[in-house]
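# Inside the fold
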Amino acid sequence: GQQVQQSPASLVLQEGENAELQCNFSSTATQLQWFYQRPGGSLVSLLYNPSGTKHTGRLTSTTVTKERRSSLHISSSQITDSGTYFCAMAGNEKITFGAGTKLTIKP
Amino acid sequence: AQTIHQWPVAEIKAVGSPLSLGCTIKGKSSPNLYWYWQATGGTLQQLFYSITVGQVESVVQLNLSASRPKDDQFILSTEKLLLSHSGFYLCAWSLGWVYEQYFGPGTRLTVL
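This report concerns the structure included in the present document. Being a predicted model, the structure only gives us computed values, none of them experimental. (Residues numbered from 1 in each chain as written. Chains lettered and ligands numbered in written order. Predicted model: local features only at pLDDT ≥ 70, side-chain atom pairs only at ≥ 80, totals over all residues. Heavy atoms only, no water.)

## Examining the overall build of chain A
Of regular secondary structure, chain A possesses zero helices and eleven strands. Listed N to C, the secondary structure of chain A is β-β-β-β-β-β-β-β-β-β-β in terms of helices and strands. Its C-alpha atoms give chain A a radius of gyration of 13 Å, within 12% of the compact-globule value 13 Å for 107 residues. Buried residues in chain A amount to 46% of all 107 residues. Within chain A, contacts between residues separated by at least 24 positions form 54% of all contacts whose residues are at least 6 apart in sequence. In the form shown here, chain A has an accessible surface area of approximately 5000 Å², with 49% of it arising from carbon and sulfur atoms. (Helix = DSSP H or I, 4+ residues; strand = E, 2+ residues; numbered from the N terminus. Rg over C-alpha atoms; globule rule 2.2 N^0.38 Å. Buried < 20%, exposed > 50% of the residue type's maximum accessible area, 1.4 Å probe, protein only. Contact = heavy atoms within 4.5 Å. Areas by Shrake-Rupley, 256 points an atom, 1.4 Å probe, with all protein chains shown as cover.)

Dropping the structure here:
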């Protein structure tokens, strides 16, 4: 079935370092989106990127559709970037989320 | 601007009791609507989606049902809650299946 794998499962960085999050999916994705979630909070859409490279602020996502992978790069990380990052893909019949990457930024 | 509202914010219910959670979208006509469930510390699992009023597709069976009585309203319900229903329920909307999704604030459910 449709699967989404995220890596790493957790990441601890010092403030100011860059973060690289990966997402691999098992079937052709018609939609690929990155989300952010604070503990106990809802999901915030970061980037919608089914193919190519997209930027917003300190975030850059690159999706290579034929290789079934997407990445999220966070530059100059800040303490407020701490939380869980999810990628989600839409296949033909359902939308599948990865297990998430828990990012902790230390001062 | 589009707004998405979920109610209630939180619920504590007994096993075997009924449940109804609601979601309303304002500022967008005929959106796709989705229900997701998230166990504590877990990922999101798509439960239902609806493309139009009166039509709901089930993605996974969790002894829950959903209805879309109005264009801007999506309801999640069950007649008998299980302990396994505890978690965070999120409603989302999009312009279509391959479009960006936007999530509501969520409802936290505790079943005792």
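## So, the pattern of salt bridges
Residues and elements named next belong to chain B. Summed over all chains, the structure comprises four salt bridges over all chains. One salt bridge connects Asp72 with Lys26, and the closest N-O pair in it is separated by 2.7 Å. With Asp72 in the loop between β7 (65–70) and β8 (73–78) and Lys26 in strand β3 (residues 19–26), this residue pair connects regions lying 46 residues apart in the sequence. You can call Asp72 buried: its relative accessible area is 18%. Taking the relative accessible area as the measure of exposure, Lys26 reaches 44% and is therefore partly exposed. (Salt bridge = Lys/Arg side-chain N within 4 Å of Asp/Glu carboxyl O.)

## Focus on a nonpolar patch on the surface
A grouping of B:Leu95, B:Val98 and B:Tyr99 is seen on the molecular surface, where their side chains present a nonpolar patch of about 270 Å² in accessible area. You can see B:Tyr99 is positioned in the loop between β9 (87–94) and β10 (102–103). (Patch = residues over 30% accessible without salt bridge, like charges linked within 9 Å, V, L, I, M, F, W, Y side chains within 5 Å.)

## Side note on unusual backbone geometry
Look at the link from A:Ser7 to A:Pro8: it is a cis peptide, with omega at -10°. Relative to the assigned elements, A:Pro8 resides in the loop between β1 (4–7) and β2 (10–14). Omega for the bond connecting B:Trp7 with B:Pro8 falls within 30 degrees of zero, at -10°, which places this linkage in the cis form. Locating B:Pro8 in the fold gives a position in the loop between β1 (3–7) and β2 (10–13). Despite not being glycine, A:Ser76 has its phi angle at roughly 45°, a positive value. Mapped onto the elements, A:Ser76 comes out in the loop between β8 (69–74) and β9 (83–90). For A:Ser76, a relative accessible area of 40% corresponds to the partly exposed category. Positive phi values are uncommon outside glycine, yet B:Ser30 reaches one of about 50°.

## Here we look at the state of the cysteines
Residues and elements named next belong to chain A. Counting across every chain of the model gives two disulfides over all chains. Note on cysteine connectivity: Cys23 is disulfide-linked to Cys87, with sulfurs 2.0 Å apart. Handedness of the Cys23-Cys87 disulfide follows from its S-S torsion of about 80°: it is right-handed. Here Cys23, found in strand β3 (residues 19–25), pairs with Cys87, found in strand β9; they are 64 residues apart in sequence, far enough to count as distant. Cys23 gets classed as buried once you look at its relative accessible area, which sits at 0%. Look at Cys87 and you get buried, because its relative accessible area is 0%. (Disulfide = S-S within 2.5 Å.)

Interpretation note: all reported values are geometric properties and have no functional meaning in isolation.
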